[in-house]
Amino acid sequence: MNCKYYEDIISQRMKAVRFKHSKNVAKEAVRLAKKYGADVEKAELAGILHDATKETDGPEQMSLIRRAGIELTDMEKDSPKLWHAISGSAYIQVELGITDKEVIDAIRYHTTGRAGMTLLDKVIFVADFTSADRDFEGVDRIRRIADKSLDEAVLEGMSFTMSDLALRKLTIAPDTFAGYNEMAALRARSKKEAK
Ligand code: DGI
Ligand code: FE
Ligand code: FE
């Protein structure tokens, strides 16, 4: 995979610090993909492109979303933080001509997660938390968990985000809830079986 080509394109769309983050996420996604058996090339590509439109202005993001034929829910329209994941998935389709559904979805759901996450979705979701540039309180805990179980790390990341949003009285996307409930139920089932 020639990720250098895409690196050059997206480095023009963002500041150096976010480009560095994108490269770190790609590197961490490759590491997790190897560890958990996901497609390594897709992980690298989705990692490098996941925040491609994070510094794109609102109207341009909306235009990309429209061009990709994606309809936003009212709640998505009211949550600008969620736009870059959706417009990023639109951008890689309409501007870069990427057609790989797994890569498109991993970017689309990298911020919220969703019910029925694919292995690649999980790798990108976790890599965005555990990449080398992350230093938020609790990052070491998620890194430790990611060493043992990808599913547990997804659940931990979702729980971290939801707690933070709830404390700040912000809206929580239905996809986030759906992903959380599914992963939490999976965990509860596996604990019961282990008893
Ligand atoms: O783009 P990054 O900064 O690398 O990370 P990200 O794509 O996970 O974005 C994090 C931001 O998204 C953070 O400000 C919290 C916000 N966010 C995550 N899940 C939700 C959310 N915001 C709302 N309103 N609802 C969510 O479910
Ligand atoms: Fe992001
Ligand atoms: Fe990111």
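Residues numbered from 1 in each chain as written. Chains lettered and ligands numbered in written order. Predicted model: local features only at pLDDT ≥ 70, side-chain atom pairs only at ≥ 80, totals over all residues. Heavy atoms only, no water.

## Digging into the coordination of the iron ion (ligand 2)
- Note on the iron ion (ligand 2): its protein donors are D51 (OD), H84 (NE2) and H110 (NE2). The metal-donor distances range over 2.1 to 2.2 Å.
- When the donors of the iron ion (ligand 2) are listed by position in the chain, the intervening gaps give D-x32-H-x25-H.
- Residue H110 is classed as buried on the basis of its relative accessible area of 2%. (Donors = N, O, S within 2.8 Å, 3.2 Å for Na, K, Ca; no water. Buried < 20%, exposed > 50% of the residue type's maximum accessible area, 1.4 Å probe, protein only.)

## What about the packing of aromatic side chains?
- With the rule as written, the count across this model stands at five aromatic pairs.
- Summarising the aromatic geometry, the rings of F129 and F160 are spaced 6.3 Å apart at their centres and angled 85° between planes, so their arrangement reads as edge-to-face. In this pair, F129 sits in helix 8 (residues 119–130) while F160 sits in helix 10 (residues 150–167), placing the two residues 31 residues apart along the sequence.
- Overall, F129 belongs to the buried group, its relative accessible area being 12%.
- Exposure remark for F160: the relative accessible area of 32% places this residue in the partly exposed category. (Phe/Tyr/Trp six-rings, centres within 6.5 Å; stacked < 30°, edge-to-face > 60°. Helix = DSSP H or I, 4+ residues; strand = E, 2+ residues; numbered from the N terminus.)

## With respect to the coordination of the iron ion (ligand 3)
- Around the iron ion (ligand 3), the donor atoms from the protein are H21 (NE2), H50 (NE2), D51 (OD) and D128 (OD), and they sit 2.2 to 2.3 Å away.
- Donor residues binding the iron ion (ligand 3) come from one chain and are separated in sequence as H-x28-H-D-x76-D.
- With relative accessibility at 0%, the residue H50 sits in the buried group.
- On the accessibility criterion, D128 (11% relative accessible area) is buried.

## Some remarks on the packing of helix 10 against helix 11 (residues 174–194)
- Close contact between helix 10 and helix 11 brings their axes to 9 Å; oriented N to C, the two are set at 135°. Here helix 10 is positioned oblique relative to helix 11, judged by the angle of their axes. Helix-helix and strand crossings are classified by hand; for helix 10 and helix 11 the assignment is left-handed. For the pair formed by helix 10 and helix 11, the contact residues are D151, E152, V154, L155, M158, S159 and M162 on the first element and T176, F177, G179, Y180, M183, A184, L186 and R187 on the second.
- Here the contact of helix 10 with helix 11 is composed, by residue class, of nine nonpolar, three polar and three charged. (Axes fitted to C-alpha atoms, helices over the stretch in contact; angles between N-to-C directions. Parallel < 35°, antiparallel > 145°, perpendicular 65-115°, else oblique. Left-handed = near helix turned anticlockwise from the far one by under 90°. Contact = heavy atoms within 4.5 Å. Nonpolar A, V, L, I, M, F, W, Y, C, P; charged D, E, K, R; others polar.)

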